[in-house]
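# Structural overview
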Amino acid sequence: MAFFFALVCILISLAIASYVHYSRRRKGKGQGHGGYGGHEKASLKLPPGSMGWPYLGETLQLYSQDPNVFFASKQKRYGEIFKTHLLGCPCVMLASPEAARFVLVTQAHLFKPTYPRSKERMIGPSALFFHQGDYHLRLRKLVQGALGPDALRALVPEVEAAVRSTLAAWDGRVMSTFQAMKRLSFEVGIVTIFGGRLDERRKAELRKNYSIVEKGYNSFPNSLPGTLYYKAMQARRRLHGVLSDIMRERRERGEPSSDLLGCLMQSRGDDGAPLLTDEQISDNIIGVLFAAQDTTASVLTWMVKYLHDHPKLLEAVRAEQEAVREATDGGRRPLTWAHTRSMALTHRVILESLRMASIISFTFREAVADVEYKGFLIPKGWKVMPLFRNIHHSPDYFQDPHKFDPSRFQVAPRPNTFLPFGNGLHACPGNELAKLEMLVLIHHLVTGYRWEIVGSSDEIEYSPFPVPKHGLPVRLWRENRTVERKGCESGNVEDIIV
Ligand code: HEM
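All values reported here derive from a predicted model rather than from experimental measurement. (Residues numbered from 1 in each chain as written. Predicted model: local features only at pLDDT ≥ 70, side-chain atom pairs only at ≥ 80, totals over all residues.)

As a further point, take the overall build of the protein. What the protein contains, in helices and strands, is 19 helices and twelve strands. Looking at the protein as a whole, 40% of its 498 residues qualify as buried. For the protein, restricting intrachain contacts to residue pairs at least 6 apart in sequence, the fraction spanning at least 24 positions comes to 74%. (Helix = DSSP H or I, 4+ residues; strand = E, 2+ residues; numbered from the N terminus. Buried ≥ 20, exposed ≤ 12 C-beta atoms within 10 Å, placed from the backbone. Contact = placed C-beta atoms within 7 Å.)

This part covers the nonpolar core. As a rule of thumb, nonpolar side chains are buried together in soluble globular proteins. Core analysis: the largest hydrophobic core is formed by 80 residues, its most contacted members being Ile 285, Val 299, Leu 300, Met 303, Met 438, Leu 441 and Ile 442. The element contributing the most residues to this core is helix 13 (residues 278-309), with 15 residues. Taken domain by domain, the makeup of this core includes at least three residues from each of domain 2 (138-197 + 261-270 + 279-358 + 417-496) and domain 3 (199-256). Not counting the four nearest positions on each side in its chain, Leu 300 is found in contact with Met 181, Met 438 and Leu 441. Grouped together as the second largest cluster of nonpolar side chains are 33 residues, Ile 81, Leu 104, Phe 418 and Leu 419 included. (Core = buried A, V, L, I, M, F, W, Y, C linked by C-beta atoms within 7 Å. Domains from an automatic or database assignment.)

Moving on, we get to the environment of Thr 340. The residue Thr 340 is located in helix 15 (residues 337-340) in this model. Taking the C-beta count within 10 Å as the criterion, Thr 340 has 22 such neighbours and is therefore assigned buried. Separated by 187 residues in the primary sequence, Thr 340 and Arg 153 have C-alpha atoms spaced 9.8 Å apart. Excluding anything up to four places from it in sequence, Thr 340 contacts Val 156, Leu 335, Leu 436, Leu 439 and Val 440.

With that settled, the discussion passes to the site of the ligand. Surveying the vicinity of the ligand reveals 26 residues, the closest of which are Ala 291, Thr 363, Gly 422, Cys 428 and Gly 430. Taken together, the residues of the shell around the ligand break down into 17 nonpolar, eight polar and one charged. (Near = placed C-beta within 6 Å. Nonpolar A, V, L, I, M, F, W, Y, C, P; charged D, E, K, R; others polar.)

Where helix 13 meets helix 16 (residues 344-357), the closest approach of the two axes is 9 Å, and the angle between their N-to-C directions is 110 degrees. Considering their axes alone, helix 13 and helix 16 lie roughly perpendicular with respect to each other. Seen from helix 13, the contacting residues are Ser 298, Val 299, Trp 302, Met 303 and Tyr 306; seen from helix 16, they are Val 349, Ile 350, Ser 353, Leu 354 and Ala 357. Counted by class, the contact of helix 13 with helix 16 contains eight nonpolar, two polar and no charged residues. (Axes fitted to C-alpha atoms, helices over the stretch in contact; angles between N-to-C directions. Parallel < 35°, antiparallel > 145°, perpendicular 65-115°, else oblique.)

Let us look at the UniProt feature "binding site: heme" (unreviewed entry) in the protein. In the numbering adopted here, UniProt assigns the feature "binding site: heme" (unreviewed entry) to Cys 428. Its place among the elements puts Cys 428 in the loop between helix 17 (388-392) and helix 18 (431-448). Classification of Cys 428 as partly exposed rests on a count of 19 C-beta atoms within 10 Å. Ignoring anything within four residues of it in the chain, the contact list for Cys 428 reads Phe 421 and Gly 422. (UniProt positions renumbered as here; feature names shortened; annotations may be inferred.)

This part takes up unusual backbone geometry. One non-glycine residue, Ser 358, lies in the positive phi region at around 35 degrees. On the secondary structure map, Ser 358 appears in the loop between helix 16 and strand 5 (365-367). A positive phi angle, near 65 degrees, is found at Leu 472, a position not held by glycine. With respect to the helices and strands, Leu 472 occurs in the loop between strand 11 (466-468) and strand 12 (473-478). C-beta crowding within 10 Å serves as the criterion here: with 26 such atoms nearby, Leu 472 is assigned to the buried category.

Let's shift gears to the sheet that holds strand 5. Overall, mixed pairing links the five strands, which are arranged 1-2-8-5-3 in an open sheet. In the strand order of this sheet, the two ends are held by strand 1 (81-86) and strand 3 (111-113), each with one partner. The sheet shows a mean angle of 35 degrees between the axes of neighbouring strands, direction not considered. Bridge count between strand 3 and strand 5: three bridges; the pairing is antiparallel. Bridge assignment links Phe 111 to a residue of strand 5, and that residue is Ala 367. (Pairing = 2+ DSSP bridges.)

Here is the structure:
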């Protein structure tokens, strides 16, 4: 439900923006757009598809079924490019690798990122995913630097410590896997940003306020005191306050640092002046925390389920990880970057989990000009959605696509068919960090623990990314230990999730 509500809120906000845009556009009609003269444009047709009812479009059809079924059935009927209309927004959906490349890479300048204003205000309008052009490029370089291989190599011990403590806290209990993985991803986000030097008090302040922001993120935007949105905006202000204090203290100490915060604070423009204001830095720190947490936690949750559901595969992964454990002297020495590079099968399991779960089913852009694609017109102002999940689940690109089969990644997928981290200028700069976190988690999980799923895991909920129902309640216990089972005799999943 949360997913649907989130989607409704996004679409309502986009609808309002579209309405304003189209009213303006109607007034300015006849001025020409994006290099197409009126004559040329007249010869282009809109993609096939249906626009549904006036204003409502096909919104009801979308909400009356699993959204993925909606997209898949449209593709079956109309092909790889089709139009629809969702809550006031005319949209073109694209389900082919070539089209995704066209929008995200080769003609990316014709499609700008588009988010509702309320979301921009909550994350912070200077966060990199809202931008294009020079500001975006400079910022991206800084973020990529702080998340690149050199930085990650140094982070392995911190990630390992976070994994060990997550699993130790779970030992002998039933927990929602998603909640446990969220805590882990938050910890990893914090060490990436602050380099593991943040004191517990500050960390607790960040965690508390960030969780209030999260709760309000998908709520209906209004500024009435007491509403989730209002509380989230207040918490966002407090987050900025905490981040400003941390930046001031760092300046007073005068120590340079190579963590993400350090990279942003030390960046200089051509004139030697600071490139970013504290406000811009805060927006980007909150943006990275936001981009890093639920995404990674959702995929990790699916991996725990996929490994559980495929015992032979789990044994093979365990054998690979036991060899790594031996190389670390039975776990007495820390994991290194080199160890994580030797986990070939586990890496394929990660890739297949990313493909199967496709937690980011699609992304949004908006056409900044009238654009022609394969003889079709994508009108200026329309939303454009490359459908990653449809591509990942197409038998044209992945044989037997609904089978969980990591061996398919023994051969590299065809170009532009595997896009869990997007593509082009806005592709995910955190992808290697996310994979590192997964490798380290799997290492300790399979070599140190056993687990079982409590209750049924077949239904899916959206939080807002798809995860198994109740976040996948799992009982976990240390290997070779007497199992200490707590509080689950009732068998009622709601009662036992902690
Ligand atoms: C499994 C985990 C993750 C998945 C599946 C994922 C997926 C994505 C995707 C698909 C995009 C592109 C969106 C678009 O083009 O509209 C993206 C962008 C982004 N991701 Fe991730 N992500 C993950 C983890 C992370 C982590 C761990 C971080 C940071 C530590 C991160 C930071 C970002 C940022 C900052 C952007 C915006 C880049 C830009 O606009 O230039 N992500 N992510």
